[in-house]
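Residue-level structural notes
This is what each chain is made of:
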Amino acid sequence: MMTANGTDPDKSGPADIRPAPETGPAEQPAQEGEPGIAALAAGYAEKAGLQRNKHGHVDILKSAGGIQGIAESILPGLVFLVAFTITRELALSLVAALAAAALFTVARLVQRRPLTQALAGIAGVAISAWLANTTGKAEDFYVLGFYTNAAYIAGLLLSIVLKWPIAGLLFGFVRNEGLEWRKDPERLRAYNIATWVVIGVLALRLVVQLPLYLQGEAGLAALATMRLIMGAPLYILGLWVAWLLSRPAGRGPAK
């Protein structure tokens, strides 16, 4: 899902997925004709960084990149808002936001942690800063998020139409279901609903934030605030609800 500047906090979780071996059915080999799709789905789930905790639930905090990952998604936008509110200098505020994003890259280098999210974050901030600087409108610092939200909605809708709902590709491998859930109409329906939850989160962002953007600088403070609230916090809530709604019936709370 997307963060304050159109990037995704869930991309920063640890690369490996370690589902509890005693829960859920063993992953079955892909049917002939599906190995390429199965490998692609497994890779997508792995890169998403979804993990389970010791109780068998999806670990939402880790999946969102942990405390540092959430901070990386929030702080640059917050720094921009505070700097612009105080100075009313667009260029200075954009530099401050870029500096905040760069600090996280340096921190990850020092910690010898993967740079994926930090680099994606600074790229998102750089594009946002370029857009705002080009137009001279502070509110355009947040316009990239609208395009990325719309793109994600389109992709998620397409996955439902093709009967490969993204929630199934992610959660199915975390739950050791592999692609077996596609053979069960009830499981397919559950993952369709879970994917609709994510679509709802993204659509809500557009419904709330677009009118604020259209107000221009007068709506900047409210837009920035909503972008922060509806970034990582709303993503975490949406992901948790999607996980619960797609839980296999009769498998207990661990699923």
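Residues numbered from 1 in each chain as written. Predicted model: local features only at pLDDT ≥ 70, side-chain atom pairs only at ≥ 80, totals over all residues. Heavy atoms only, no water.

**Focus on the overall build of the protein**
A tally of helices and strands in the protein yields 10 helices and 0 strands. Going from the N terminus to the C terminus, the protein shows its helices and strands as α-α-α-α-α-α-α-α-α-α. Going through the 255 residues of the protein one by one, you find that 51% of them count as buried. A separation of at least 24 residues holds for 72% of the contacts in the protein among residues at least 6 apart in sequence. (Helix = DSSP H or I, 4+ residues; strand = E, 2+ residues; numbered from the N terminus. Buried < 20%, exposed > 50% of the residue type's maximum accessible area, 1.4 Å probe, protein only. Contact = heavy atoms within 4.5 Å.)

**Things to note about helix α7 (residues 166-174)**
Judged by how many residues are buried, α7 sits mostly within the fold: 9 of 9 residues are covered. Listing the buried residues of α7 in full gives Ile166, Ala167, Gly168, Leu169, Leu170, Phe171, Gly172, Phe173 and Val174.

**Examining unusual backbone geometry**
Here arginine 88, not a glycine, exhibits a phi torsion of approximately 60 degrees, which is positive. One non-glycine residue, asparagine 176, lies in positive phi territory at about 65 degrees. Using a relative accessible area of 13% as the deciding quantity, one classes asparagine 176 as buried.

**Details of the packing of helix α8 (residues 185-214) against helix α9 (residues 220-229)**
Helices that pack against each other are described as a pair by the angle of their axes relative to one another and the distance between those axes. The contact between α8 and α9 brings their axes to 8 Å, and the two run at 155 degrees. Classed by the angle they form, the pair α8 and α9 counts as roughly antiparallel. In this structure, α8 crosses over α9, and the sense of that crossing is left-handed. The segment α8 lies against α9, with Val208, Gln209, Leu212 and Tyr213 engaging Ala222, Leu223, Met226 and Arg227. Here the residues of the contact of α8 with α9 sort into 6 nonpolar, 1 polar and 1 charged. (Axes fitted to C-alpha atoms, helices over the stretch in contact; angles between N-to-C directions. Parallel < 35°, antiparallel > 145°, perpendicular 65-115°, else oblique. Left-handed = near helix turned anticlockwise from the far one by under 90°. Nonpolar A, V, L, I, M, F, W, Y, C, P; charged D, E, K, R; others polar.)

**Structural notes on α9**
Listed as buried for α9 are Leu220, Leu223, Ala224, Arg227 and Leu228. Viewed end-on, α9 has its buried residues packed into an arc of 135 degrees, placing them on one side of the element. (Arc of directions from axis to C-beta.)

**Some words on the side chain of serine 159**
As for its position among the elements, serine 159 is in helix α6 (residues 143-161). Of the polar contacts made by the side chain of serine 159, one reaches the backbone nitrogen of isoleucine 166; its length is 3.3 Å. The contacts of serine 159, once residues within four sequence positions are left out, are Trp164, Pro165, Ile166 and Thr195. (Polar contact = N/O pair within 3.5 Å; in protein donor to acceptor, adjacent residues only side chain to side chain.)

**Details of the nonpolar core**
Formed by 45 residues in total, the largest nonpolar core has its most connected members in Phe80, Leu90, Leu94, Phe141, Tyr142 and Phe171. When residues of this core are traced back to their parent elements, those giving at least two are α3 (66-87), α4 (90-111), α5 (116-135), α6, α7, α8, α9 and α10 (232-245). The dominant element in this core, judged by the number of residues it contributes, is α8, at 10 residues. Leaving out residues up to four positions away in the same chain, leucine 94 has contacts with Phe80, Ala129, Ala132, Asn133 and Phe141. (Core = buried A, V, L, I, M, F, W, Y, C linked by side-chain atoms within 4.5 Å.)

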